[in-house]
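Residues per chain are reported as follows:
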Amino acid sequence: MLTLEQAGFIDPPHLSPIHGDILPGELLAIVGPNGAGKSTLLSLLSGFRAPQLGAVTLDGRPLDAWTPATLACRRALVAQQEPPGFDWTVRDMVALGSDPESALVARLIEEMELVDLADRSVLRLSGGERQRVMVARGLCQLMARRHVGAPDGGLLLLDEPTSALDIGQQQRLMRRLRWLARQHHMAIVCVLHDLNLAGTYADKVWLMEAGQRIAAGQPRVVLQPECLARTYRAELQALGRPEGGASWLALRP
């Protein structure tokens, strides 16, 4: 689906060349300390910034060769903070570009636990409620515009989608995203600060530091306590490791 061919930026914020593929059916977590280049990388993956080095291709075509309308059918981005802009209801915001009364919109509102908020103005939501609305909107964009015969469910890019959610909502959202990646053959990329969420739900992890991807692979390989302690300059301890999974991490007292 999405391929990075030694793609990066020279101008600040700098991003060293990255080579790799983002595949449908997988949930990729991008992690790293503040200022590591996570959101900069997401701007590259989304096409909002054109690479100054290398190339980024979607379905074999450079991102800048896509028209905005056709790209919107294949890629959706949910930014870290998205001001709603208009005094719309939750239902209308989720259905942006679609039919507010469709079965798809109703299903996404239910799955994102927004039923009681469906007719409320998005200007009157908490940060966590607004986050769930924007994730539902991104999913609706891809699902409503998916063409018959499309090779997969498209690419969903999420910048810190769990930052304003309580732990129960975080768990349910990450489970849902992992299910969507597999059931609808989507490629889902999440920038995450919570390493335990990344280790529990991601199929692959990219670890960023100072504008470089310093590790990539399965969570149990990338999320090693010793490496993370150096990268984050934190004192960590492993609380155990589920069979085949990444270690659960905690701050050392």
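The structure contained in this document is the topic of the report that follows. Residue positions are counted from 1 within each chain, in the order its sequence is given. The predicted origin of the model limits local features to residues at a pLDDT of at least 70 and limits the giving and counting of side-chain atom pairs to 80 or more, whereas totals for whole chains, interfaces and linings rest on all residues. With hydrogens and water excluded, all non-hydrogen atoms of the structure serve as input to the side-chain values.

To continue, consider the packing of aromatic side chains. The geometry of two aromatic rings is summed up by the distance between their centres and the angle between their planes. The aromatic pairing rule takes the rings of Phe, Tyr and Trp, using the six-membered ring of Trp, and pairs them if the centres are within 6.5 Å, calling planes under 30 degrees apart stacked, those over 60 edge-to-face and the rest tilted. Scanning all chains against the criterion turns up one aromatic pair. Considering the side-chain rings of F86 and W88, the 5.1 Å spacing of their centres and the 15 degrees angle between planes classify their relative orientation as stacked. Classification of W88 as partly exposed rests on a relative accessible area of 30%. The ring centre of W66 lies 4.3 Å from the NZ or CZ of R61, which sits over that ring. Only protein chains enter the calculation, and the probe is 1.4 Å; a residue is then buried if its accessible area is under 20% of its type maximum, exposed if over 50%, and partly exposed in between. Consider the ring centre and the ring normal. A charge sits over the ring if Lys NZ or Arg CZ is within 6 Å of that centre and within 35 degrees of that normal.

In a beta sheet, neighbouring strands pair by backbone hydrogen bonds and run either parallel or antiparallel. Two strands are said to pair when DSSP picks up at least two bridges between them. Each helix is a run of H or I in the DSSP string that is no shorter than four residues. Each strand is a run of E no shorter than two, and both are numbered from the N terminus. If you trace the four strands from one edge of the open sheet to the other, you get β2-β1-β4-β5, paired in antiparallel fashion. Lying at the two open borders of the sheet, with one neighbouring strand each, are β2 (15-22) and β5 (61-62). Here strand β4 (residues 53-58) runs beside β5; their pairing, made up of two bridges, is antiparallel. Bridged to L58 within β5 is R61. Seen against the sheet, helix α1 (residues 38-46) touches β1 (2-9), β2 and β4 and runs at an angle of roughly 125 degrees to β1. By the convention used here, residues are in contact when the closest approach between their heavy atoms is within 4.5 Å. The convention used is that axes are lines fitted to C-alpha atoms, helices contributing only their stretch in contact, and that angles between N-to-C directions extend from 0 to 180 degrees.

Detection works on a 1 Å grid of protein atoms alone, calling trapped sets that fit a 1.4 Å probe cavities and calling open sets with protein on both sides within 12 Å along at least five of seven lines pockets, with lining residues defined by an atom within 4 Å of a point. Grid points are joined across faces, edges and corners, and a volume is the space filled by probe spheres set on the points. In the structure shown here, the tally under the stated rule is one cavity of 30 Å³ or more. Volume-wise, the largest cavity comes out at about 70 Å³. Taken together, E111, M112, E113, R132, Q169, R172, L173 and R176 make up the full set of residues lining the largest cavity. Gly is placed with the polar residues, together with every amino acid not listed as nonpolar (Ala, Val, Leu, Ile, Met, Phe, Trp, Tyr, Cys and Pro) or charged (Asp, Glu, Lys and Arg). Its residues placed into classes, the lining of the largest cavity shows two nonpolar, one polar and five charged.

Spatially, β6-β7-β8-β3-β9-β10 is the arrangement adopted by the six strands of the open sheet, whose pairing is mixed. Looking at the sheet topology across the chains shown, the edges are occupied by β6 (75-78) and β10 (212-217). Direction aside, neighbouring strands of the sheet carry axes that sit 15 degrees apart on average. When strand β3 (residues 27-31) meets strand β8 (residues 187-191), the two strands line up parallel, connected through four bridges. Bridging across to β8, L28 finds its partner in V189. Its contacts with the sheet place helix α6 (residues 167-183) against β3, β7 (155-159) and β8, and it is angled at close to 150 degrees to β8. Where helix α9 (residues 225-232) meets the sheet, its contacts fall on β3, β9 (204-209) and β10, and the angle it forms with β9 comes to roughly 35 degrees.

Our next topic: the environment of D11. Within the secondary structure, D11 is located in the loop between β1 and β2. Once you skip the residues sitting within four places of it in the chain, D11 turns out to touch R49 and Q52. Reaching out from D11, the side chain makes a polar contact with the side chain of Q52 at a distance of 2.7 Å. Polar contacts, as used here, are pairs of N or O atoms within 3.5 Å; protein pairs need one atom able to donate a hydrogen and one able to accept it. Residues neighboring in sequence count only if both atoms are side-chain atoms.

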